[in-house]
Amino acid sequence: MADAPNQRSNNSANIDVELVRRVQQGDKGAFDLLVRKYQQRVGKLVSRFIADRSEVEDVTQEAFIKAYRALPNFRGDSAFYTWLYRIATNTAKNYLVAAGRRPPRSDVDITTGATEQGFELEGDQSPEGEMASEEIHRVIRQALEQMPEELRLALTMCEFDGFSYDEIAEVMECPIGTVRSRIFRARQSLDKKLRPLISTNEVEEAV
Amino acid sequence: MKKARLEQVSSLVDDEQGGSGKSVVDDLLKDAESRDAWQRYHELGDWMRNMADGGMVRVDVADRVSAAIEGEPTLLFPVNHRQAPISRPSRRGWSQQLAGIGIAAAVATVTVLLFQQHEFLETEPDVGVVAINETTPAEKEKAVLGPASLAKVDASEEDELLSGELFQQKLDAYLASHVKQSAGYRAQGLLPNIRAVDHGGTGKGN
């Protein structure tokens, strides 16, 4: 299946601008929403440089804190996620230098994690990490297979192909409200099955 | 109610909320459950998109970052985004104001000049508007300069016009009328737009 982080990031430009604007007006809660949105992608990027999972978490956290401190200098010349990824890349490289380890000589593509030489950096190769990833992917595949076709189509066109709701409505020949509802129901269905694996602290506390 | 709220969060994840996006963000900031759904829906998408390469590490640093920036100074500075919406009505307001002032000034000037000319005709039926008798390009240029110019005239008319007291009285009456009108049109301080040609000796210019 196609990896389409570009489309998703572009689609999210408006909400990012709104959240950044709120942070710049003193709303720290808006920055929390940006962290929740991008932490997996930043974590993945950092894991291209650093193998150890706990170190990945530390560097990811540091990258977000640096981004918060640097937000006064963010003028919106580039997309927020591009700017954030640049900070994360530099933070990871600096971490390796400070730890006496050599950072990769070539830059990492922010959308694929690949280097200029065409190979990917370390990633989480630990047995635990691989098992957890495998399990999550297995559950997602299974959930998608069991899902009604119209829900699966709507969600995959949105997540994999980066289609807008308008475009999905055109392809599926249905009103945009139906698309909205189908994507939501598909997410609910997936979420229900994945919660035991990727539940957040707040959910664990609430359950 | 809860379902509708979460459906709105789902739309916001895809940036498909349109005009109501800001109010959904407000709800997100207030409601922990919505915030949690926001995080999980994004993470679901991340996992789906990463099924091909499988190289994803699950991290959850939101609480740690939140606690860390709690001690940071609050950012407060004017928004200066290229992508931030620019207030178009405000820009239109400026241009409209400038255009309005320009039109008002033009209308006022034309009205004053017409009124002056009209009064001049009424009070000076025997003199009338002095015809411009162009003789040289330089004089043509001079004639264009003033809407009520007195340029080169015939010698007999000139003698009549410039003959002593009569001319002075008419000129004084005109200036008095101009000052009165200027006050009415809030154009005090403007010099009367008239130019008289002095042909030496007898003439009394301006």
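This report concerns the structure included in the present document.

### Thoughts on the interface of chain B and chain A
- Listed per partner, the contact involves 62 residues of chain B and 84 residues of chain A.
- Taking both partners together, chain B and chain A bury about 7400 Å²; carbon and sulfur atoms supply 57% of that area.
- It is Met 48, Arg 49 and Met 51 of chain B in chain B that bury the most area against chain A; as a group they hold 11% of the surface buried on that side.
- Our count for the chain B to chain A interface comes out at nine salt bridges.
- Taken together, the connections running from chain B to chain A amount to 31 residue pairs in polar contact (both at pLDDT 80 or more).
- Put simply, the parts of the chain that give the side of chain B that touches chain A at least two residues each are α1 (2-13), α2 (21-30), α3 (32-49) and α4 (62-70) of chain B.
- Among the elements that make up the side of chain B that touches chain A, the one with the highest residue count is α3 of chain B (15 residues).

### With respect to the packing of aromatic side chains
Residue and element names in this part refer to chain A.
- Within the structure shown, the criterion is met by six aromatic pairs over all chains.
- Look at Phe 74 and Trp 83: their rings are 4.8 Å apart centre to centre, the planes differ by 45 degrees, and that puts the pair in the tilted class.
- A relative accessible area of 5% means that Phe 74 is categorised as buried.
- Ring geometry for Tyr 81 versus Tyr 85: centroids 5.7 Å apart, planes at 90 degrees, classification edge-to-face. Taken together, the positions of Tyr 81 and Tyr 85, both in helix α5 (residues 80-98) and four residues apart, correspond to about one turn of that helix. You'll find Tyr 81 and Tyr 85 in the same group, each marked buried.
- Through successive ring pairs, a cluster of aromatic residues spans Tyr 38, Phe 74, Phe 80 and Trp 83.

### Some remarks on the packing of α2 of chain B against α3 of chain B
All names here are of chain B.
- For the pair α2 and α3, the least separation of the axes is 5 Å and the interaxial angle reads 105 degrees. Between α2 and α3, the angle falls in the class roughly perpendicular. Contacts between α2 and α3 pair Leu 28, Leu 29 and Lys 30 from the former with Ala 32, Ser 34, Arg 35 and Trp 38 from the latter.
- Broken down by class, the residue content of the contact of α2 with α3 amounts to four nonpolar, one polar and two charged.

### Concerning the environment of Leu 144 of chain A
- Its location among the elements puts Leu 144 of chain A in helix α6 (residues 127-146).
- Residue class for Leu 144 of chain A comes out buried when judged on its relative accessible area of 5%.
- The spatial distance from the C-alpha of Leu 144 of chain A to the C-alpha of Ser 189 of chain A is 8.9 Å, given a sequence separation of 45 residues.
- Residue contacts for Leu 144 of chain A: discarding those within four places in its chain leaves Arg 152, Leu 155, Thr 156 and Leu 190 of chain A together with Met 48 and Met 51 of chain B.

### Regarding unusual backbone geometry
- One non-glycine residue, Glu 173 of chain A, lies in the positive phi region at around 55 degrees.
- For Glu 173 of chain A, a relative accessible area of 74% translates into the label exposed.
- Its identity as a non-glycine residue notwithstanding, Asp 15 of chain B has a phi of 55 degrees, on the positive side.

### Thoughts on the nonpolar core
- One finds Phe 31, Phe 64, Leu 71, Phe 80, Ile 140 and Leu 190 of chain A together with Trp 38 of chain B to be the most contacted residues of the largest nonpolar core, which totals 79 residues.
- Non-local contacts of Ile 140 of chain A, meaning those with residues more than four positions away in its chain, are made with Leu 190 and Leu 194 of chain A together with Trp 47, Met 48 and Met 51 of chain B.

### Structural notes on helix α9 (residues 176-198) of chain A
- Along its length, α9 of chain A reaches its greatest deviation from straightness, about 40 degrees, at Lys 192 of chain A, and the proline Pro 196 of chain A lies no more than four positions downstream.
- Restricting attention to buried positions, one finds in α9 of chain A the residues Val 179, Arg 182, Ile 183, Phe 184, Ala 186, Arg 187, Leu 190, Asp 191, Leu 194 and Ile 198 of chain A.

### Observations concerning the side chain of Thr 156 of chain A
- Within the secondary structure, Thr 156 of chain A sits in helix α7 (residues 149-159).
- Within polar-contact distance, the side chain of Thr 156 of chain A engages the backbone oxygen of Arg 152 of chain A at 2.7 Å.
- Discounting chain neighbours no more than four positions away, the residues touching Thr 156 of chain A are Leu 144 and Asp 161 of chain A together with Met 48 of chain B.

Basis of the calculations
- Residues numbered from 1 in each chain as written.
- Chains lettered and ligands numbered in written order.
- Predicted model: local features only at pLDDT ≥ 70, side-chain atom pairs only at ≥ 80, totals over all residues.
- Heavy atoms only, no water.
- Contact = heavy atoms within 4.5 Å.
- Buried area = accessible area lost by both parts, 1.4 Å probe.
- Salt bridge = Lys/Arg side-chain N within 4 Å of Asp/Glu carboxyl O.
- Polar contact = N/O pair within 3.5 Å; in protein donor to acceptor, adjacent residues only side chain to side chain.
- Helix = DSSP H or I, 4+ residues; strand = E, 2+ residues; numbered from the N terminus.
- Phe/Tyr/Trp six-rings, centres within 6.5 Å; stacked < 30°, edge-to-face > 60°.
- Buried < 20%, exposed > 50% of the residue type's maximum accessible area, 1.4 Å probe, protein only.
- Axes fitted to C-alpha atoms, helices over the stretch in contact; angles between N-to-C directions.
- Parallel < 35°, antiparallel > 145°, perpendicular 65-115°, else oblique.
- Nonpolar A, V, L, I, M, F, W, Y, C, P; charged D, E, K, R; others polar.
- Core = buried A, V, L, I, M, F, W, Y, C linked by side-chain atoms within 4.5 Å.
- Bend = angle between axes of the 7 residues up to and from the residue.

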